[in-house]
Structures are given as C-alpha cells and as structure tokens.
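# Summary of structural features
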Amino acid sequence: MTTDVETSALRARQLINLTQTLTERLAAERDAFRAHRAQDVAASMNETQELANLYRRESAQAKAAPAFLSVIPTADRDALIAATEAFEAVLAEHASTVDAARQVSEGLVRTIAAEVAGARAQGVGYGASGRATEGDGRAVALNRKA
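Being a predicted model, the structure only gives us computed values, none of them experimental.

Definitions and limits used
- Residues numbered from 1 in each chain as written.
- Predicted model: local features only at pLDDT ≥ 70, side-chain atom pairs only at ≥ 80, totals over all residues.
- Heavy atoms only, no water.
- Helix = DSSP H or I, 4+ residues; strand = E, 2+ residues; numbered from the N terminus.
- Buried < 20%, exposed > 50% of the residue type's maximum accessible area, 1.4 Å probe, protein only.
- Contact = heavy atoms within 4.5 Å.
- Phe/Tyr/Trp six-rings, centres within 6.5 Å; stacked < 30°, edge-to-face > 60°.
- Salt bridge = Lys/Arg side-chain N within 4 Å of Asp/Glu carboxyl O.

Take the environment of H94 next. One can find H94 in helix α5 (residues 74-121). Classification of H94 by relative accessible area gives buried; the value is 12%. In the structure, H94 is positioned 71 residues away from T23 in sequence and 9.9 Å away in space, judged by C-alpha atoms. The contact partners of H94, leaving out residues within four places of it in the chain, are L26, E29, R30 and F33.

Written out as structure tokens, the structure is:
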C-alpha cells in the first residue's frame, strides 16, 4: 500500500471504531432511559458529548475530503458504511426515547406547578373587617424550555 492508502485506511478504521463506540454508548443510554434509570446516564454524559463532538469533526473532515474514501480497501469502506448505518438507527431510537422522557418530565413539572398555584390561590378573600386578606405573595414560575 502507498502512504496515502495506508493513511486513509487508518483514518477509516479510526472512524469505524469511533462510530462503533458512540453507537454502543448511545444504545446503553437509550436502554437506561427505557428502564427509567436516567441517573445512570448523567454519570457518563460528558464523555458521550466529547465522543459526539469528535465524531462530528471526524465525519465533517471525511465529507470535506471524500477522496480518502475512494482509496481505502473495500472491506474498510463496507465496515464504515455498516457502522454508520447502525449509528444512525441507534441515534434515531435514542432521540425518540430522550424526547419521550423530556415530555414526561415537562408534564410532571406543569402538573406540580398547577397544583402549587391552585393551593396558593385558596384563602384569598375578604375578612371579618371587610378588608382583603393577604394572599401568598410568592410567585410560581414555569419555564417551558427543558
């Protein structure tokens, strides 16, 4: 093999390994969310984010210089395609699982906020002296962004 072919094959194998590692991590996170164990994901979130950023940079470089794909061995190219397809499938499942968890969390927060606001509103009225009684002056803020 020439140096360009060797370098391209090495880059392809590194991208394959990175893609497979990220796929495994996202699959584990997806499974943790499905098992209602979101706390298990929190511990490794930074590392997953670093891997995702590295994958984004590496795949952008591969797209910017597609010539390296034409010189790598067919087996490496096929392995890269398979790894990418598996990654995209797991990524779609992960995204829908995270979205479902987000919707549940937001629903719980809205319900709790509504209950607290309803409980605080009671008791505001007029007293025996004809003056309005003081209500609970604390405000309830609900941010609609997750």
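Let us now look at the packing of aromatic side chains. For the coordinates displayed, the defined rule picks out 1 aromatic pair. When the ring of Y55 is compared with that of F87, the centres are 4.7 Å apart and the planes differ by 50 degrees; the resulting orientation is tilted. Of this pair, Y55 sits in helix α3 (residues 45-64) while F87 sits in helix α5; the two residues are 32 residues apart in sequence, bridging distant segments of the chain.

The subject of this paragraph is the pattern of salt bridges. Scanning the entire structure with this criterion turns up 7 salt bridges. Salt-bridge contacts for D31 lead to R30; the nearest nitrogen and oxygen are separated by 3.1 Å. Taking the shortest distance from any N to any O, the salt bridge between R37 and D40 comes out at 2.9 Å. In this structure D40 comes out as partly exposed when scored by relative accessible area, which is 39%. Linked by salt bridges that have partners in common, R30, D31 and E93 make up one network.

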